[in-house]
Structure formats: C-alpha cells, structure tokens
Amino acid sequence: LIVLDAGHGGLDPGARATTGEYEKDIVLAFSEQLREALLASGRYRIQMTRDRDVFVPLDERVRRARAASADLFVSIHADSISRPSIAGATIYTGSERATDGESADLAARENAADAAGGLAGGGERNVVTDILQDLTLRETRKLTNRFATQLHGGLKRSIRFSAQPLREAAFRVLRAPDIPSVLVELGYLSNHRDAGLLTSEDWRRRTSNAMANAIDRFFAARVAGRSAAPVSP
Ligand SMILES: [Zn+2]
C-alpha cells in the first residue's frame, strides 16, 4: 500500500508558479497521474491523502498513512524561491537537522501549511524513548535513504535535479517512525522553465512513469531481500 500525499489544498494554495497556477493544483494533478501509473502495474494499492481541493492538516496526513499501515509514503510538492534562476527537483528525507539553510527554510514554509488552514501550530513530535520504536525508526531510515537514492537514480534521466538533489530537513509529514517516507519537490515554480515543465501534461506523464518504475524497483528489491538476507545498510 502506497500513500501519495499531494501537498497543500483548499485554503492553503502553496507556492504560486510564474505561469499563474498554484502548487496545490499542480501537485494534485501529478499525484493523480502517479496513482494511475502505479495502479497500471497491478501490484499496488494506492491511498491519496487528498484527491480533491481540500485542506488536510499535516499530522492528519501522517496519521492516515500509519492507520492504513502504508509501506511507502510519497509527498509531492513544488518549491519556490526568491531567485528565479534556481531550478530543478529535490528529494527530501526527514531529519531533525536540515542539510542547509535553504532546506530548513523550505521545511519551515511547508510546515506552516496548517496555519493557512486556520490551525494553530504545535503538533510537537513525541520523543521516541522505547527501544523497539528506536530500532523501527533506524530500519525505516535505512529503507527511506535507499528509496531516496533509487528514486534519484531512476529519475535523473527524465528530469532535471537541483544542485543538491538529496537533502534532509524536518518536514512534519516525514515523521512516521515506521513508514519509509520521502518528500519530492518536483521543481521550482519560481523558475519559468520549471513552471512550464511542471504544468505540461507530457512532462507529468513521463516523470510519473519514471517515478512509478523507481518505486517498482524499490519494492522488487525488498521482496527479493526478504526471502534472502535481512536489510543491510
Ligand atoms: Zn509545498
């Protein structure tokens, strides 16, 4: 079971593209296309955290994925920055420490989505003290990092990545301790070329197919690994 998380929605439009579209619509269209590509393989069940233009709180997205015992959580976003020349996709994994200042700023912006929907901040993470949970978290992080690397490898031929394509930051939606989770920023809506690509049907189809193939390889390796050796670093 894969949970696809189209960022933002409803009162929270996300970033605005140079072409005028909103992030919430662009990422929903992409997530729907990705769902189709994954369903076509016949190997997955897909759950969307939203399949229309509604506001869903960040912690609720994670809660739903955990309640459904998802095997993978993929959050889809598109970035925006004050320098219009900056372009390319980035794959984020969750961490309390951000790779760099830009990643920290981005996570803070994305985490503020709940405020746009009229919710107070907070949702403080519970400190994981239980040893079993700690082991689960470590195993999950290993799988998450492996998936992020495979996703980057599978996508780099079809899409343009940012200068630092794999980064970490403290995203609220990447806090499930038991589900491998990544957040993909498809590109920069503040960059005219990226905005053009992200709103193009052809790009959306090619990229979602490449992403579905990478997801397929991730699960194929896990199934093969389960019958052989335990997960290694
Ligand atoms: Zn976003």
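Everything below is about the structure printed above this text.
Residues numbered from 1 in each chain as written. Predicted model: local features only at pLDDT ≥ 70, side-chain atom pairs only at ≥ 80, totals over all residues. Heavy atoms only, no water.

A.B. asks: Go over the overall build of the protein chain, please, and point to the residues and values.
C.D. replies: Helix and strand counts for the protein chain stand at seven helices and six strands. Listed N to C, the secondary structure of the protein chain is β-α-β-α-β-β-α-α-α-β-β-α-α in terms of helices and strands. Rg of the C-alpha trace for the protein chain: 17 Å, near the compact-globule value of 17 Å for 233 residues, within the 12% margin. Taken along its principal axes, the extent of the C-alpha atoms in the protein chain is 50 × 40 × 30 Å. Buried positions account for 48% of the 233 residues belonging to the protein chain. For the protein chain, the distance from the average site of its 32 positive side-chain charges to the average site of its 30 negative ones is 5 Å. (Helix = DSSP H or I, 4+ residues; strand = E, 2+ residues; numbered from the N terminus. Rg over C-alpha atoms; globule rule 2.2 N^0.38 Å. Buried < 20%, exposed > 50% of the residue type's maximum accessible area, 1.4 Å probe, protein only. Lys, Arg positive; Asp, Glu negative; His and termini not counted. Charge placed at Lys NZ, Arg CZ, Asp CG, Glu CD.)

A.B. asks: Would you mind going over the coordination of the zinc ion in detail, with residue names and values included?
C.D. replies: Protein ligation of the zinc ion involves His 8 (NE2), Glu 23 (OE), His 77 (ND1), Glu 110 (OE) and Glu 110 (OE), the donor distances falling in the range 2.0 to 2.4 Å. Expressed as a motif, the donor residue spacing for the zinc ion is H-x14-E-x53-H-x32-E. Residue Glu 23 is located in helix 1 (residues 23-40), and its partner Glu 110 is located in helix 3 (residues 101-111); the two are separated by 87 residues in the primary sequence. The class for Glu 110 is buried, based on a relative accessible area of 6%. (Donors = N, O, S within 2.8 Å, 3.2 Å for Na, K, Ca; no water.)

A.B. asks: Give a detailed account of helix 2 (residues 58-67), specifying residues and quantitative values.
C.D. replies: Among the residues of helix 2, Leu 58, Arg 61, Val 62 and Ala 65 are the ones counted as buried. For helix 2, the buried positions fall inside an angular range of 95° around the axis, keeping them on one side. Phi for Ser 69, located one or two positions after helix 2, is positive at around 55°. (Arc of directions from axis to C-beta.)

A.B. asks: Let's hear about the pairing of strand 3 (residues 72-79): which residues, and what values?
C.D. replies: Across the eight residues that make up strand 3, a large majority, eight, are buried. For strand 1 (residues 2-6) and strand 3, the ladder comprises five bridges, and the chain directions are parallel. Counterpart to Leu 4 in the pairing with strand 3 is Val 74. As paired elements, strand 3 and strand 6 (residues 181-188) share six bridges and run parallel to each other. Residue Asp 79 lies in a different strand from strand 6, and its bridge partner there is Tyr 188. (Pairing = 2+ DSSP bridges.)

A.B. asks: Tell me about the environment of Leu 151, residues and numbers included.
C.D. replies: Within the secondary structure, Leu 151 sits in helix 5 (residues 131-155). Spatially, the C-alpha atom of Leu 151 lies 10.0 Å from that of Leu 166, the residues being 15 residues apart in sequence. When sequence neighbours within four positions are dropped, the list of residues in contact with Leu 151 reads Ile 91, Val 182, Val 184, Met 211 and Ala 214. (Contact = heavy atoms within 4.5 Å.)

A.B. asks: Before we move on, can you summarise the nonpolar core with the specific residues and values?
C.D. replies: Grouped together as the largest cluster of nonpolar side chains are 42 residues, with contacts concentrated most on Ile 2, Leu 38, Leu 151 and Met 211. A per-element tally of this core places helix 7 (residues 201-227) first, with eight residues. Residues in contact with Ile 2, not counting those within four places in the same chain, are Leu 38, Tyr 44, Arg 45, Ile 46, Gln 47, Leu 72, Ile 215 and Phe 219. Counting residues in hydrophobic clusters, the runner-up holds 18 residues, among them Val 3, Ala 65, Ala 113 and Leu 174. (Core = buried A, V, L, I, M, F, W, Y, C linked by side-chain atoms within 4.5 Å.)

A.B. asks: Run through a nonpolar patch on the surface, naming residues and quoting values.
C.D. replies: Taken together, the side chains of Ile 131, Leu 132 and Leu 135 define a hydrophobic patch exposed on the protein surface, amounting to about 340 Å² of accessible area. Note on placement: Leu 132 falls in helix 5. When its relative accessible area of 62% is taken as the criterion, Leu 132 is described as exposed. (Patch = residues over 30% accessible without salt bridge, like charges linked within 9 Å, V, L, I, M, F, W, Y side chains within 5 Å. Areas by Shrake-Rupley, 256 points an atom, 1.4 Å probe, with all protein chains shown as cover. Salt bridge = Lys/Arg side-chain N within 4 Å of Asp/Glu carboxyl O.)

A.B. asks: Break down the pattern of salt bridges for me, citing the residues and quoting the values.
C.D. replies: Summed over all chains, the structure comprises 17 salt bridges. For Arg 172, the salt bridge is made with Asp 59, and the minimal N-O distance between the two is 3.1 Å. You can see Arg 172 sitting in the loop between strand 5 (161-169) and strand 6 and its partner Asp 59 sitting in helix 2, a full 113 residues away along the chain. Overall, the relative accessible area of 9% leaves Arg 172 in the buried class. Judged by its relative accessible area of 33%, Asp 59 falls in the partly exposed class. A salt bridge links Arg 167 to Glu 102, with the nearest nitrogen and oxygen atoms 3.4 Å apart. With Arg 167 in strand 5 and Glu 102 in helix 3, this pair connects stretches of sequence that are 65 residues apart. What makes Arg 167 buried here is its relative accessible area of 6%.

Don't take any of this as a statement about function, it's just geometry.
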